[in-house]
Every structure is written in structure tokens, then in C-alpha cells.
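Chain and residue survey
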Amino acid sequence: MQKYRRSALEVEARKYELDQGMEDGFELWTKVVTNGWIVADGVVKVTRPDGAIVCPFIQNRRGVIFIREGDYIIYEDLGERHVCGQDKFDERYKPL
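Everything quoted here is computed from the prediction, not taken from an experiment. (Residues numbered from 1 in each chain as written. Predicted model: local features only at pLDDT ≥ 70, side-chain atom pairs only at ≥ 80, totals over all residues. Heavy atoms only, no water.)

A closer look at the pairing of strand E6 (residues 72–75)
As judged from the four bridges shared by strand E1 (residues 12–15) and E6, these two strands associate in the antiparallel manner. Note on E6: the bridge partner recorded for Arg-14 is Ile-73. For E6 and strand E7 (residues 81–84), the ladder comprises four bridges, and the chain directions are antiparallel. The partner of Ile-74 across the bridge, within E7, is His-82. Where E6 hands over to E7, the hairpin turn is made up of five residues, of which Gly-79 adopts a positive phi near 90°. (Pairing = 2+ DSSP bridges. Helix = DSSP H or I, 4+ residues; strand = E, 2+ residues; numbered from the N terminus.)

Description of the nonpolar core
The biggest cluster of nonpolar side chains holds eight residues, and these are Tyr-16, Met-22, Val-44, Val-46, Val-54, Ile-58, Ile-67 and Ile-73. Beyond its immediate sequence surroundings of up to four residues, Met-22 is in contact with Arg-14, Lys-15, Tyr-16, Glu-17, Ile-58, Ile-73, Tyr-75 and Arg-81. (Core = buried A, V, L, I, M, F, W, Y, C linked by side-chain atoms within 4.5 Å. Buried < 20%, exposed > 50% of the residue type's maximum accessible area, 1.4 Å probe, protein only. Contact = heavy atoms within 4.5 Å.)

Some points on the side chain of Glu-23
Mapped onto the fold, Glu-23 is located in the loop between E1 and strand E2 (25–28). A distance of 2.5 Å separates polar atoms of two side chains, one belonging to Glu-23 and the other to Tyr-16. Each residue touching Glu-23, except ones within four places of it in the same chain, is listed here: Tyr-16, Pro-56, Phe-57, Ile-58 and Ile-67. (Polar contact = N/O pair within 3.5 Å; in protein donor to acceptor, adjacent residues only side chain to side chain.)

Structural data, given as C-alpha cells:
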């Protein structure tokens, strides 16, 4: 099997913060859990004033990605955004 190395890619990134407009939307926690879209451990949960619990997500060409505690949002040049867990972020990205 052929081996590959990631090419150097400069990106902007921010650790996810609620109320900063970093997400594309929110989905009801009950829907996330009952639909079984993901393993729900560590997913950010927000309780709205009406008592509904929702989870923030971003949407890109790969689909809907729910944001977990400690995740970073990666911003690429052409506007594409990705979610990256802190464990992988620290391994893959170094400050410039």
C-alpha cells in the first residue's frame, strides 16, 4: 500500500465557543440520540430558555458534524469548515 504525508496547509482555527456564531445550527438532543447519528458522548449540549436541550453543529460537504467539548473549528481558504477534536488538533496543527 502506498504511504502519504499530509501536505502543509495553513488554516485558521478557533476553539469552539458558544454564542460566537461558529455553528451552522442546533439539533434537539433527543433527535441526536434517538436517530443514532453519532456516539453522543462529549457532544456540547445547550439548554434553551424553554427547556429544550440542543446540540450545535456545522454542515460541510461531508454532512452534519456535531461539536464536542474542546473541539476546534478549522477554517480553510475557500470557506470550508471542519470540526477537529483537541487530541487530533494538537497533533496536526502548530501555531505560526
